[in-house]
Amino acid sequence: MDPTRVFVKNVKRVVFKVGTAVVTRSDGRLAVGRVGAIFEQLEALNSQGYEIILVTSGAVGAGRQRLKYRKLLNSSFADLQKPQVEIDGKACAAVGQNGLMALYDSLFSQDSTGIFWDNDSLAALLALELKADLLVLLSDVEGLYSGPPTDPNSKLIHTYIKQKHLGAITFGDKSRVGRGGMTAKVKAAVSAADSGTPVVIASGFVAGNIGKVLEGQRIGTLFHKDAHAWVTFNEFTAREMADAARDCSMRLQSISSEERNKILLKIADALEEKQDLIKVENEADVAAANDAGYEESLVSRLVLSPAKISGLAKSVRTIAEMEEPIGRVVTKTELADGLILEKTTCPLGVLLIIFESRPDALVQIASLAIRSGNGLLLKGGKEARRTNEILHKVITGVIPETVGEKLIGLVTSKEEIPDLLKLDDVIDLVIPRGSNRLVSEIKSSTKIPVLGHSDGICHVYVDTSANMEMAKHIIMDSKLDYPAACNAMETLLVHKDFSSSEGLQDLVVELSHGGVTLHGGPRASARLKIPEVQTFHHEYNSRACTIEIVDDVKAAVDHIRKHGSGHTECIIAEDKQTAEYFLQHIDSAAVFHNASTRFCDGMRFGLGAEVGISTSKIHARGPVGVEGLLTTKWVLRGNGHIVKGDEGVIYTHKNIVSSAS
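Calculation rules
- Here the residue index of a chain counts from 1 through its sequence in written order.
- Predicted model: local features are reported for residues with pLDDT of at least 70 only, side-chain atom pairs are reported and counted for 80 or more only, and whole-chain, interface and lining totals are derived from all residues.
- Excluding hydrogens and water, the side-chain figures rest on all heavy atoms present in the structure.
- UniProt positions are given in the numbering used here, feature names are shortened, and annotations may be inferred rather than shown by experiment.
- In this text, helices come from DSSP runs of H or I with a minimum length of four residues, and strands from runs of E with a minimum of two, each type numbered from the N-terminal end.
- Partly exposed residues are those whose accessible area sits between 20% and 50% of the maximum for their type, while under 20% is buried and over 50% is exposed, using a 1.4 Å probe and protein chains only.
- Every residue pair with non-hydrogen atoms within 4.5 Å of one another is taken to be in contact.
- The method behind every accessible area is Shrake-Rupley, applied with a 1.4 Å probe, and residues are considered shielded solely by the protein chains displayed.
- Polar contacts, as counted here, are pairs of nitrogen or oxygen atoms within 3.5 Å of one another; within protein the pair requires one atom able to donate a hydrogen and one able to accept it, and residues that are adjacent in sequence qualify only if both atoms are side-chain atoms.
- A cavity, in this analysis, means grid points on a 1 Å lattice covering only the protein atoms where a 1.4 Å probe fits yet has no way out; a pocket is instead an open set bounded by protein on both sides within 12 Å along at least five of seven lines, and a residue lines either one if it has an atom within 4 Å of a point.
- Grid points are joined across faces, edges and corners, and a volume is the space filled by probe spheres set on the points.
- Charged means Asp, Glu, Lys or Arg here, nonpolar means Ala, Val, Leu, Ile, Met, Phe, Trp, Tyr, Cys or Pro, and polar covers whatever is left, Gly included.
- Nonpolar cores are built from buried Ala, Val, Leu, Ile, Met, Phe, Trp, Tyr and Cys residues. Side-chain atoms within 4.5 Å join them into one set.
- We call Phe, Tyr and Trp rings a pair once their centres come within 6.5 Å, taking the six-membered ring for Trp, and we label the pair stacked below 30 degrees between planes, edge-to-face above 60, and tilted otherwise.
- An axis is simply a line fitted to the C-alpha atoms; with a helix, the fit covers only the stretch in contact. Between two such axes, the angle follows the N-to-C directions and lies from 0 to 180 degrees.
- The scheme is simple: roughly parallel for angles under 35 degrees, roughly antiparallel for over 145, roughly perpendicular for 65 to 115, oblique for anything else.
- Helix crossings fall into two classes, left-handed where the near helix is turned counterclockwise from the far one by less than a right angle and right-handed where it is turned clockwise.
- Viewed with both strands pointing away, a crossover whose connecting path from the first strand over the helix to the second turns clockwise is right-handed.
- Counted as salt bridges are all cases of a side-chain nitrogen of Lys or Arg within 4 Å of a carboxyl oxygen of Asp or Glu.

As named in an unreviewed UniProt entry, the protein chain is Delta-1-pyrroline-5-carboxylate synthase, taken from Sesamum calycinum. Check the Function (unreviewed entry) section of the UniProt entry for the protein chain; it says "P5CS plays a key role in proline biosynthesis, leading to osmoregulation in plants."

Here it is, written out as structure tokens:
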């Protein structure tokens, strides 16, 4: 259900307006099939307990066509009684015992003042008179658009905001038939919504649209009296949100380091103060995920326990205590006498982070963005919608007005992602956190630089020189400390000599006792009698892993190069020469000796938090903290220096400061 349509849960009485353009064909003849489909949907809603009022045109075609429509209508409302509803003393509707009502606008075309009414206005008036919970105006278009249908940049407006759209939209001609058009519909919808009756303008041509509206799907254009207060992505274009984030980031960069730190400390305090509220929303998301049958690994990532919230607050405070990252002098060089060149750090600008089912990522990313002076657009997974929304509200609620809460925008619909990915002139970096499919789709859909990793296929290689007890502890921790994490071990490689001893069998027993499902490569499956994998390139994200036997460290390196994802690899060995060979020849973002793969984490690396782990080789690699969200610029200070063909310029190129820490 779309967040802006939650109110439909409480809808019982609905007025539907079906105009001439909906029930006739382009040649003016009655569209019998479409009319029948609409009536079937209304009857289905009625059988579900909805009170249905139908407002329909009395000007359908002429002669036989009009008679045919009336007969079809009356057969659908077979038990209609005598007229029972009056407006300004005029009978205009008939109500059936089954709760259905039909209204003919041809019975009534003027009010008591003689002003002409179209059937959209009649429907709006009737909705108010009958205290309807919802008015649905069925049209021959999908809803209200931002521009003419012929304009390729014209977009469907899902939520009409009076303060934003009034006077900013040019309407086309009236409907090809009937009395009104989009102008009349919008006028009626605004009037009804202002009076407290929500309105949806939707297409009557699309099969099942009526049911979708009542299910709360994002169909057509919604008019609601509270729409102006719904500051979500739905009410703003992609560019407006990105521009707002950029403007706020400029203001964030202009305040002092101490002021930015205060914002972070307030966020940490707010997370702890609002812990109970966050817990309620998160438990609702987790319950919904379980009911939907999501995999255990996804639900595990979704859970935001009190311990996790406390840990997040701690990490935010750690980030606040870090050295000021903006404006740090990386190098300082005297080019010539009195001509000084500095290379300094600065924010990237606006970041778009797309992540899946880990709401804790929202807090980490937002904190790093604030510390590094960047604007931020966040798109979380739908399974964590309620948790993401409350976390976003808690965080933006403490951002001062001098910076602006639009510094961090929460994107609520995946339909808007394609538009955001086109904004390479506003958004500076995209960081997708999620599945291989997600990352691949993002990379192929944008000109904006993309930073991220596709898979977390992490390897642990046990050499023949390994200490057995150490190997057990490292392997169990790498796999079971958090199986759903991207830095969890997915493939265990074992030296052939080690595998021929009791060591391999001991490891298998340990893993089995830990509830790990084992799969094997050709050699391991034959020796251990376990199922053989179809591919080594597989990320389980659960209590499962692949085991394979290799000849030596060189074979282990070759295997990882061929089947790895460039994330994190570990060697367990006592022989230092073997270990150094592994460390030097593995080309992954992180490579460890005698340490769990789970250490590959921004917090554990002392970065405070991370926006993700990058397997790219350009800009940032491994856990990406504040440093990864910065770039550099050159600042040159002179005193009237000119080039003039380098005449008279004596270059000194003297290093004054290098790599400030």
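From this point, things continue past the structure.
Enquirer: Tell me about the overall build of the protein chain, residues and numbers included.
Expert: Counting its secondary structure elements, the protein chain contains 22 helices and 25 strands. In the protein chain, which comprises 661 residues, the proportion classed as buried is 53%. Of the contacts made within the protein chain by residues no fewer than 6 positions apart, 71% connect residues no fewer than 24 positions apart. When the accessible surface of the protein chain is totalled, it reaches about 29900 Å², and 50% of it is carbon and sulfur.

Enquirer: Go over the side chain of Glu 342 with me, naming the residues and quoting the values.
Expert: Looking at the element boundaries, Glu 342 is found in strand E11 (residues 339-347). Residue Glu 342 is classed as buried on the basis of its relative accessible area of 11%. A polar side-chain atom of Glu 342 sits 2.9 Å from a polar atom in the side chain of Arg 637. With near-sequence residues (within four places) excluded, Glu 342 lies in contact with Val 329, Thr 331, Lys 332, Lys 633, Trp 634, Val 635 and Arg 637.

Enquirer: Let's hear about empty space enclosed by the protein: which residues, and what values?
Expert: Throughout the structure, instances matching the rule amount to 1 cavity of 30 Å³ or more. Computed from the structure, the largest cavity encloses a volume of approximately 40 Å³. Residue assignment for the lining of the largest cavity shows that the elements contributing at least two residues are strand E15 (429-433) and strand E22 (612-614). By residue class, the composition of the lining of the largest cavity is 5 nonpolar, 4 polar and 1 charged.

Enquirer: I'd like to hear about the nonpolar core, residue by residue, with values.
Expert: Membership of the largest hydrophobic core comes to 50 residues, with the highest contact counts inside it found for Leu 271, Leu 376, Leu 378 and Ile 408. Per-element accounting of this core gives the leading share, 8 residues, to helix H13 (residues 360-372). Dropping the residues within four chain positions of it, Leu 376 is found in contact with Ala 245, Leu 351, Ile 353, Ile 365, Ala 366, Ala 369, Leu 407, Ile 408 and Gly 409. The next biggest cluster of nonpolar side chains, apart from the first, holds 32 residues, and it includes Cys 545, Cys 570, Phe 592 and Cys 600.

Enquirer: Quick rundown of the packing of aromatic side chains? Include the residues and the values.
Expert: According to the stated counting rule, one finds 2 aromatic pairs in the structure shown. Taking the centre distance of 4.7 Å and the plane angle of 25° together, the rings of Tyr 160 and Phe 223 count as stacked. Taken together, the positions of Tyr 160 in strand E7 (residues 159-160) and Phe 223 in strand E9 (residues 221-223) put the pair 63 residues apart, joining distant regions of the chain. Here the two residues Tyr 160 and Phe 223 agree in accessibility, since each one is buried. Ring plane angle 15° and centroid distance 6.3 Å describe the contact between Tyr 461 and Phe 582, whose orientation is recorded as stacked.

Enquirer: Outline the packing of helix H9 (residues 257-273) against helix H12 (residues 306-320), supporting the account with residue identities and numerical values.
Expert: Between H9 and H12, the shortest axis-to-axis distance is 9 Å and the interhelical angle comes to 170°. With respect to H12, the axis of H9 lies roughly antiparallel. Across from Asn 261, Leu 264, Leu 265, Ile 267, Ala 268, Asp 269, Leu 271 and Glu 272 in H9, the residues of H12 making contact are Ile 309, Leu 312, Ala 313, Val 316, Arg 317, Ile 319 and Ala 320. Among the residues forming the contact of H9 with H12, the class breakdown is 11 nonpolar, 1 polar and 3 charged.

Enquirer: Got a sec to walk through the packing of helix H17 (residues 468-480) against helix H19 (residues 502-513)? Specific residues and values, please.
Expert: Running from N to C, H17 and H19 cross one another at 35°; their axes reach a closest spacing of 10 Å. Like other packed secondary-structure pairs, H17 and H19 cross with a definite hand, here right-handed. Between H17 and H19, the residues in contact are Met 468, Ala 471, Lys 472, Ile 475 and Met 476 and Gly 503, Asp 506, Leu 507, Glu 510 and Leu 511, respectively. Partitioned by chemical class, the residues of the contact of H17 with H19 number 6 nonpolar, 1 polar and 3 charged.

Enquirer: How would you explain the pairing of strand E12 (residues 350-355) if you had to name every residue and give the values?
Expert: Judged by how many residues are buried, E12 sits mostly within the fold: 6 of 6 residues are covered. Burial along E12 is two-sided: Val 350, Leu 352 and Ile 354 and Leu 351, Ile 353 and Phe 355, pointing in opposite directions, are all buried. The β-α-β motif built from E12, the intervening H13 and the parallel element strand E13 (residues 375-379) has right-handed crossover chirality.

Enquirer: Give a description of the side chain of Thr 345 that names residues and reports values.
Expert: With respect to the helices and strands, the residue Thr 345 is situated in strand E11. For Thr 345, a relative accessible area of 5% corresponds to the buried category. A distance of 2.5 Å separates a polar atom in the side chain of Thr 345 from the backbone oxygen of Pro 325.

Enquirer: Provide a residue-level description of the pattern of salt bridges, including the pertinent values.
Expert: In the structure shown here, the tally under the stated rule is 23 salt bridges. Asp 269 is the salt-bridge partner of Arg 317, the closest N and O atoms lying 2.9 Å from each other. Here Arg 317 is found in helix H12, whereas its partner Asp 269 is found in helix H9, with 48 residues between them in sequence. Judged by relative accessible area, Arg 317 falls into the partly exposed class, the value being 23%. Of the residues examined, Asp 269 reaches a relative accessible area of 35% and is grouped as partly exposed.

Enquirer: An account of the environment of Ile 263 is needed here, citing residue identities and associated values.
Expert: When you line up the elements, Ile 263 lands in helix H9. What makes Ile 263 buried here is its relative accessible area of 5%. Measuring from C-alpha to C-alpha, the distance between Ile 263 and Ser 367 comes to 9.2 Å, with 104 residues separating the pair along the chain. Aside from chain neighbours lying at most four places away, what touches Ile 263 is Leu 252, Ile 255, Ile 370, Val 398, Ile 399, Pro 400 and Val 403.

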